[in-house]
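Spelled out from the first residue to the last, the chains are:
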Amino acid sequence: MPAIDTQQTITLIRPDDWHLHLRDGAHLSSVVAHSAHQFARAIVMPNLKPPVTTVAAAAAYRERILAALPAGVKFEPLMTLYLTDNTDPDEIRRARDTDFVHAVKLYPAGATTNSDAGVTDLKKCYKTLEVMQEVGMPLCVHGEVTNHEIDLFDREAVFIERVMRPLRRDMPELPIVFEHITTKDAAEYVAEAEGPIGATITAHHLLYNRNEIFRGGIRPHYYCLPVLKREEHRLALVTAATSGDERFFLGTDSAPHAVGAKEASCGCAGCYTALHAMELYATAFEQAGALDKLEAFASLNGPAFYGLPVNEGSITLKREPWTLPATVPFGETALVPLNAGEQINWKML
Ligand SMILES: NC(=O)N[C@@H](CC(=O)O)C(=O)O
Ligand SMILES: [Zn+2]
Ligand SMILES: [Zn+2]
């Protein structure tokens, strides 16, 4: 009689989002409160137009984020710098001397949304990476090769062999976060790797495989990068997230795009989950029979990796079905959240 002892509420130490896109201007104002409701802090991605490449730009962006919060809402944006071929090693030292820049982000040029200014050849960044290693500044990595001869579904696995292994061989003490991992290959690589490496895992990659993009027709709101993979990969991610291994932690990769930019002949990559992230993670962990592992994944492992204190306070999720809205305001337009119009069984209070 499982219904009798089915857990009705979950209380967790207040969690953080270790991979988030907040955008800017009116878009930022539309979305930031969703993340602030769910999370105490977030690692904010720097892929704006133009990208956030300097400490001064990160400081200004941070002020815009704080100004966009509703009155009285507390939320700490943890800023990142966008690595380019030309990032000055001194910029890393300046970043280290702040209390608000927490990582540098590697986008291989052309890999994903707003990555045109990204790195063309990691060798060009070695002086900068050496300083990062020296001062212990984490490198967050979008881990996909961009070579169009490589099958889209293989680009993460190929990245491990061509970029990640050589980089870690050359810089064994550089802290690395393998962002939004999507494959068994990446989960196993991180679990077995030695030294300072962690990985974020999104809720959508824990819940869905690639069939979801094509269920009943092409469904652009399930398209993100790295793209959803086969079921065996989803299962490996669930195993990693629920294993208790502290290298794996929560990163939503919530990535808002206007509805027209997603529902288009060439639609943008990104799933919007900031509205219901913890509900989705709870659903995934419950399906795996591992709700007891959610707190470490959501609230403890990330701060341990980044050397930050665990949050004070707690959140409670209640078993209470609710329906996701069809759209959410997004500046002058609207965005369609993942699971729009669908019912979800957990509700964050
Ligand atoms: N994940 C995505 O599909 N999109 C992200 C970029 C990224 O994280 O790669 C975005 O900024 O829209
Ligand atoms: Zn990415
Ligand atoms: Zn992202």
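Below is a summary of the structure that appears in this document.

Conventions we followed
- Residues numbered from 1 in each chain as written.
- Chains lettered and ligands numbered in written order.
- Predicted model: local features only at pLDDT ≥ 70, side-chain atom pairs only at ≥ 80, totals over all residues.
- Heavy atoms only, no water.
- Donors = N, O, S within 2.8 Å, 3.2 Å for Na, K, Ca; no water.
- Tetrahedral: all angles 85-135°; square planar, octahedral: opposite > 155°, others 65-115°.
- Helix = DSSP H or I, 4+ residues; strand = E, 2+ residues; numbered from the N terminus.
- Buried < 20%, exposed > 50% of the residue type's maximum accessible area, 1.4 Å probe, protein only.
- Pairing = 2+ DSSP bridges.
- Axes fitted to C-alpha atoms, helices over the stretch in contact; angles between N-to-C directions.
- Phe/Tyr/Trp six-rings, centres within 6.5 Å; stacked < 30°, edge-to-face > 60°.

Let us look at the coordination of the zinc ion (ligand 2). The textbook angles at a metal center are 109.5 degrees for a tetrahedron of four donors and 90 or 180 degrees for an octahedron of six. Donor atoms from the polypeptide that coordinate the zinc ion (ligand 2) comprise H142 (ND1) and H180 (NE2), at 2.0 to 2.1 Å from the metal. Around the zinc ion (ligand 2), the 4 donor atoms sit at angles spanning 54 to 148°, and that spread fits a shape best called irregular. For the pair the zinc ion (ligand 2) and the zinc ion (ligand 3), the metal-to-metal distance amounts to 3.8 Å. A residue pair is termed long-range when its members are at least 10 positions apart, and H142 in the loop between β6 (139-141) and α6 (155-170) and H180 in the loop between β7 (176-178) and α7 (184-192) qualify at 38 residues.

Right, let's talk about the coordination of the zinc ion (ligand 3) for a bit. Surrounding the zinc ion (ligand 3) are the protein donor atoms H19 (NE2), H21 (NE2) and D253 (OD), at 2.0 Å. Around the zinc ion (ligand 3), the 4 donor atoms are arranged such that angles at the metal cover 94 to 137°; this shape is classified as irregular. If you list the donors of the zinc ion (ligand 3) from N- to C-terminus, the spacing comes out as H-x1-H-x231-D. Its relative accessible area of 6% is what places H21 among the buried residues.

What follows covers the sheet that holds strand β10 (residues 314-323). Each strand in a sheet pairs with its neighbour through backbone hydrogen bonds, running either in the same direction (parallel) or in the opposite one (antiparallel). Pairing within the open sheet is antiparallel, and its 3 strands lie in the order β1-β10-β13. Both outer strands of the open sheet, β1 (9-13) and β13 (343-348), are each paired with one neighbouring strand and no more. Neighbouring strand axes in the sheet, compared pairwise and without regard to direction, differ in orientation by 30° on average. Bridge analysis of β10 against β13 gives 5 bridges, and the strand direction is antiparallel. Opposite T323, over in β13, you have Q343 as the bridge partner.

Our next topic: the packing of aromatic side chains. Two aromatic rings, taken as a pair, are described by how far apart their centres are and by the angle between their planes. Counted by the stated rule, this structure contains 10 aromatic pairs. Measuring from centroid to centroid gives 5.2 Å for Y82 and Y107, while their planes differ by 35°, and the two rings are tilted. With Y82 in strand β4 (residues 76-82) and Y107 in the loop between β5 (101-106) and α5 (126-135), this pair connects stretches of sequence that are 25 residues apart. Look at Y82 and you get buried, because its relative accessible area is 0%. Cluster of aromatic residues (ring-pair linked, three or more members): W18, F249, F305 and Y306.

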